[in-house]
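So the chains spell out like this:
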Amino acid sequence: MKLPMLWLSDWIDCPLSSIELRDALTMLGIEVAGISDIEEEPVLDLDITVNRGDALSIMGVARDLSCLLKIPLKMPKLAPFSTSLGLATITIEESLSCPRYTGRLIFSINVSESPEKIKKRLRLAGIRPINNIVDITNYILMDIGHPMHSFDYDKLIGKEIIVRKARKGEEILALDGRVYGLDEDILVIADEKRPVAIGGVIGGQETKVTSETKNILLEVAYFDPTLIRKTSKRLGITTESSFRFERMVDRDGLVFAQDYATHLILSLCPEADVGEIADCYPVPIKEKIVVLRPDRVNRILGTSIEPEEMKETLSYLGFEASENFKIKIPSSRGEIEREIDLIEEIARFYGYDKVQETMPESPVTAHFNKEYQFIEKIREIMRGCGLVEVINVSFVSKDILRLFGFPQEDVVKLLSPLSTDKSFMSPTLLPNLLETAQFNISYGNKNLALFEIGKVFLKKDERWSLASLMTGGIEKNWAGDGRDYLLADTFGVIKRLFAEIVGVEPEFIQTEQGFLKHCVQISDIGIAGIGNDAITNHFQLPSPPLLFELDTSKLLVLSKEKRYKESSRYPGIKIDISLLVKKGIKSGAIAKVIKDTSNGLAEEVRLYDIYEGKGVKPGFSAYTYAILYQSNQRTLAMNEVEKIRDVTVEKLKSVFEIELR
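A few points on the structure.

### Focus on the overall build of the chain
Argument step 1. Scanning the chain for helices and strands turns up 19 helices and 32 strands.
Argument step 2. A compact globule built from 661 residues would reach a C-alpha radius of gyration of about 26 Å, whereas the chain, at 37 Å, exceeds it by more than 25%.
Argument step 3. Across its three principal axes, the chain shows a C-alpha extent of roughly 120 × 60 × 50 Å.
Argument step 4. Evaluated residue by residue, the chain yields a buried proportion of 49% over its 661 residues.
Argument step 5. Pairs at least 24 apart in sequence give 69% of the contacts found in the chain among residues at least 6 apart.
Argument step 6. Put simply, the chain has 84 plus and 98 minus side-chain charges, and the middle of one group is 6 Å from the middle of the other.

### Section: the pairing of strand β29 (residues 573-582)
Argument step 1. Judged by how many residues are buried, β29 sits mostly within the fold: seven of 10 residues are covered.
Argument step 2. The pairing of β29 with strand β31 (residues 620-629) spans 10 bridges and is classified as antiparallel. If you follow Val581 over to β31, its bridge partner there is Ser621.
Argument step 3. Pairing of β29 with strand β32 (residues 659-660) involves two bridges; the strand directions are antiparallel. What sits directly across from Leu579, in β32, is Leu660.

### A closer look at the packing of aromatic side chains
Argument step 1. In this structure the tally under the stated criterion is eight aromatic pairs.
Argument step 2. Ring plane angle 40° and centroid distance 5.5 Å describe the contact between Phe107 and Tyr153, whose orientation is recorded as tilted. Remark: Tyr153 occurs in the loop between β6 (148-152) and β7 (160-165) and Phe107 occurs in strand β5 (residues 100-107); sequence separation between them is 46 residues.
Argument step 3. Classification of Tyr153 by relative accessible area gives buried; the value is 13%.
Argument step 4. Positioned above the aromatic ring of Phe620 is the side chain of Lys617, whose terminal nitrogen or guanidinium carbon lies 4.5 Å from the ring centre.

### Comments concerning helix α10 (residues 307-316)
Argument step 1. The set of residues buried in α10 consists of Met310, Lys311, Thr313 and Leu314. An end-on view of α10 places all buried positions within 160° of arc, on one side of the element.
Argument step 2. Downstream of α10 by one or two residues, Gly318 has phi in the positive range, about 95°.

### So, the layout of surface pockets
Argument step 1. For the second largest pocket, the calculated volume is near 790 Å³.
Argument step 2. Lining the second largest pocket are 29 residues; nearest its centre among them are Val134, Asn138, His149, Leu175 and Ile202.
Argument step 3. Looking at the lining of the second largest pocket, the elements with two or more residues in it are α5 (132-144), β6, β11 (195-198), β12 (202-203) and α7 (240-245).
Argument step 4. Top element by residues in the lining of the second largest pocket is α5. It accounts for four residues.
Argument step 5. Classifying every residue of the lining of the second largest pocket by side-chain character gives 14 nonpolar, 10 polar and five charged.

### Things to note about the side chain of Asp135
Argument step 1. With respect to the helices, strands and loops of the structure, Asp135 is situated in helix α5.
Argument step 2. It is Lys119 that comes nearest to the buried, bridge-free Asp135 among opposite-charge side chains, at 7.1 Å.

### Quick word on the sheet that holds strand β26 (residues 516-522)
Argument step 1. Strands sit in the order β18-β21-β22-β28-β27-β26-β25 across an open sheet of seven strands; the sheet is mixed. The sheet is open, and its two borders are formed by β18 (388-389) and β25 (508-510), each paired with just one other strand.
Argument step 2. With four bridges joining them, β26 and strand β27 (residues 526-531) adopt antiparallel strand pairing. Across the sheet, Leu516 pairs through a bridge with Gly531, a residue of β27.
Argument step 3. Helix α12 (residues 370-384) rests against β18, β21 (448-457), β22 (462-471) and β28 (546-551) of the sheet, and its axis sits at about 160° to β21.
Argument step 4. Of the strands in this sheet, β22 and β28 touch helix α17 (residues 552-559), which is tilted by about 65° from β28.

### A word on empty space enclosed by the protein
If a probe as big as a water molecule is rolled over the atoms, it shows which places are left empty.
Argument step 1. This structure, assessed with the given rule, holds one cavity of 30 Å³ or more.
Argument step 2. For the largest cavity, the full set of lining residues is Glu371, Phe374, Ile375, Trp464, Thr552, Ser553 and Leu556.
Argument step 3. Grouping the amino acids of the lining of the largest cavity by side-chain chemistry returns four nonpolar, two polar and one charged.

### As for a negative patch on the surface
Argument step 1. Negative charge collects at one region of the surface, where Glu306, Glu308, Glu309 and Glu312 lie side by side.
Argument step 2. As for its position among the elements, Glu312 is in helix α10.
Argument step 3. Assessed through its relative accessible area of 37%, Glu312 is described here as partly exposed.

### Things to note about the nonpolar core
Argument step 1. The biggest cluster of nonpolar side chains holds 93 residues, and the ones touching the most others in it are Leu25, Leu46 and Tyr101.
Argument step 2. In terms of residues, this core owes the most to one element, α5, which gives eight residues.
Argument step 3. What Leu46 contacts, discounting residues up to four positions off in sequence, is Met1, Leu3, Leu25, Ile30, Glu31, Val32 and Val61.

### With respect to the sheet that holds β12
Argument step 1. A sheet is described by the order of its strands in space; here five strands give the open sequence β4-β7-β10-β11-β12, paired in mixed fashion. Sheet topology places β4 (89-92) and β12 at the edges, where each strand pairs with a single neighbour.
Argument step 2. Inspection of the sheet shows β11 paired to β12 by two bridges, in the antiparallel sense. Bridge pairing in β12 links Ala197 to Gly203.

### Let's talk about the pairing of β21
Argument step 1. A large share of β21 lies buried, amounting to nine of its 10 residues.
Argument step 2. Of the pairings in the sheet, the one linking β18 to β21 comprises two bridges and is parallel in character. Paired with Glu389 across the bridge in β21 is Phe451.
Argument step 3. Of the strand pairs in this sheet, β21 and β22 are connected by 10 bridges, and their pairing is antiparallel. Along β22, the bridge assignment pairs Val456 with Arg463.
Argument step 4. In sequence, β21 turns back onto β22 through a hairpin of four residues.

### Focus: the pattern of salt bridges
Argument step 1. One pass over the structure, following the stated rule, counts 49 salt bridges.
Argument step 2. The closest approach of N and O atoms between Arg52 and Asp64, which form a salt bridge, is 3.2 Å. One end of the pair, Arg52, is in the loop between β3 (41-47) and α3 (58-69); the other, Asp64, is in helix α3, and 12 residues separate them in sequence.
Argument step 3. Taking the relative accessible area as the measure of exposure, Arg52 reaches 7% and is therefore buried.
Argument step 4. Looking at Asp64, the relative accessible area reads 1%, which means it is buried.
Argument step 5. Here Glu335 and Arg333 are joined by a salt bridge, their closest N and O atoms 2.6 Å apart.
Argument step 6. When its relative accessible area of 19% is taken as the criterion, Glu335 is described as buried.
Argument step 7. Classification of Arg333 by relative accessible area gives buried; the value is 1%.
Argument step 8. A cluster of three or more residues bridged by salt bridges with shared partners is formed by Arg52, Asp54, Asp64, Arg333, Glu335, Glu345 and Arg348.

Calculation rules
- Residues numbered from 1 in each chain as written.
- Predicted model: local features only at pLDDT ≥ 70, side-chain atom pairs only at ≥ 80, totals over all residues.
- Heavy atoms only, no water.
- Helix = DSSP H or I, 4+ residues; strand = E, 2+ residues; numbered from the N terminus.
- Rg over C-alpha atoms; globule rule 2.2 N^0.38 Å.
- Buried < 20%, exposed > 50% of the residue type's maximum accessible area, 1.4 Å probe, protein only.
- Contact = heavy atoms within 4.5 Å.
- Lys, Arg positive; Asp, Glu negative; His and termini not counted.
- Charge placed at Lys NZ, Arg CZ, Asp CG, Glu CD.
- Pairing = 2+ DSSP bridges.
- Phe/Tyr/Trp six-rings, centres within 6.5 Å; stacked < 30°, edge-to-face > 60°.
- Lys NZ or Arg CZ within 6 Å of the ring centre and 35° of its normal.
- Arc of directions from axis to C-beta.
- 1 Å grid on protein atoms, 1.4 Å probe; cavity = no way out; pocket = protein on both sides within 12 Å on 5 of 7 lines; lining within 4 Å.
- Points joined across faces, edges and corners; volume = space filled by probe spheres on them.
- Nonpolar A, V, L, I, M, F, W, Y, C, P; charged D, E, K, R; others polar.
- Salt bridge = Lys/Arg side-chain N within 4 Å of Asp/Glu carboxyl O.
- Axes fitted to C-alpha atoms, helices over the stretch in contact; angles between N-to-C directions.
- Patch = residues over 30% accessible without salt bridge, like charges linked within 9 Å, V, L, I, M, F, W, Y side chains within 5 Å.
- Areas by Shrake-Rupley, 256 points an atom, 1.4 Å probe, with all protein chains shown as cover.
- Core = buried A, V, L, I, M, F, W, Y, C linked by side-chain atoms within 4.5 Å.

Next up, the structure:
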């Protein structure tokens, strides 16, 4: 917002130079981006934060300066005027979207050029003068922060105003010359037949004030800030009005704005006839009362401010304080909700530079988040395996859901997506990990080993997940020849995770997953495999990616079951055993039988080869296990191990009809 010092002087006798004013406003939290000289007048360019809608006016900034300098505001003196016209006809159909709407009829006006005083102030504020009526509405907007609109009353069909939602298929030719298509989510100001303005955003061409206009209807309203923000974003238009409505205007200042504008119009058109204000306020918004505790103010800030000084500060800012410090919040300060907000106001004007550094009054106790520590442990292990962490947004497209086999009804859809191709919360980390790989490969980085830890979302729950991608390979270096990444590399990372976190080897079970080839299920907490052709082609990868994804919450449960034991000082005996196994029998179940029949001596059972082909009956696979037998008490003999092996084979035959190969 542009702040002309010439205009500021209408509200406060400010003794500060433009440089001093810049520094003062900065200390109050109002950033000054620069100072310009326009028409030989200093103009400050202000960056107003989103929570300070009250500061989007000359009066709002002047009020802050009034409190800082302890100089009273110079409120406009409005000459009395008589009303000879009746009330405008106004109907609010959407009271939640438009809680309050005021309108006033003014007849027999003379539309002409504005006086130089008004035109110069508007030019300094960056607004182009148009005519006296439109200029006055823009003057009020900049002066006291109330957006206004003037309708040519004679062009309103039915001579009434209806505040309603747009109907499907309706359009409006706006003041900017563009035609906007409307829908049922957009609030419009309409007459009997059509929309004549987009509520809180922009007026329409068909009812605008021109040099031919004789009778007008003045609008001053309060609109729901969230709705105005959505409408502005949906239509791709931001105006001075919408910018202020999004940040809340003073709903209790509407009548003053009407009288102020009428006073200015009558000063230019003294022969005009004026009507009473039609004030539609179906459900008045309750005033807010916040209790302030002076001792808490000083405890929070580490100061010794007197209670009367606190009251004085708040009084200058428009707050009303009772004897017991029940503070009535002015409607112009809609962002003030809690006691801490009032404490911040007091701190702003006391001066942050005067707040001394103090030690906390109570001891600080460290709190360790176990879930966070667990995730950090996973990060450490993954980096130790040579993978690089990436962070992606948690949104995916409808096409990605279809590619990965997720039904839309199971996935969370965004109400207001940032873009149409990212309109769903991601139920898996893999798609965005693949997009990261695609981006890197397009820039020549073809050897990738990546991982991501983040949340995934379904309608039924959200959880932490760990995903990994490998593509390309290891380049040739001093340590040896290069090679492509293998699925065994992915399994190796998973085994390392389990070894570090759980203390046992993961169980790999062959399964089917639409987007993966050679897919295995990992101990009921995730999947691993090679991306199929559809995945490879969609993400334009030179070779199928190696992927896995684990549910970290389930991994955390397994980690709680981790047990430690002393390593044996006695040598073990390794043997291989090859079995003919019917398809469908889980390797983990076989390994369990091997351990259960070993009298506690099977220290390690590892499946290291699966063969199907010549010499193996259809419907069967040849599984080869490496088994380490070891005792903590003594050295084992070979004949003892062979007896255990024979018992194991007999048990496998009886339970699974497995044969020794």
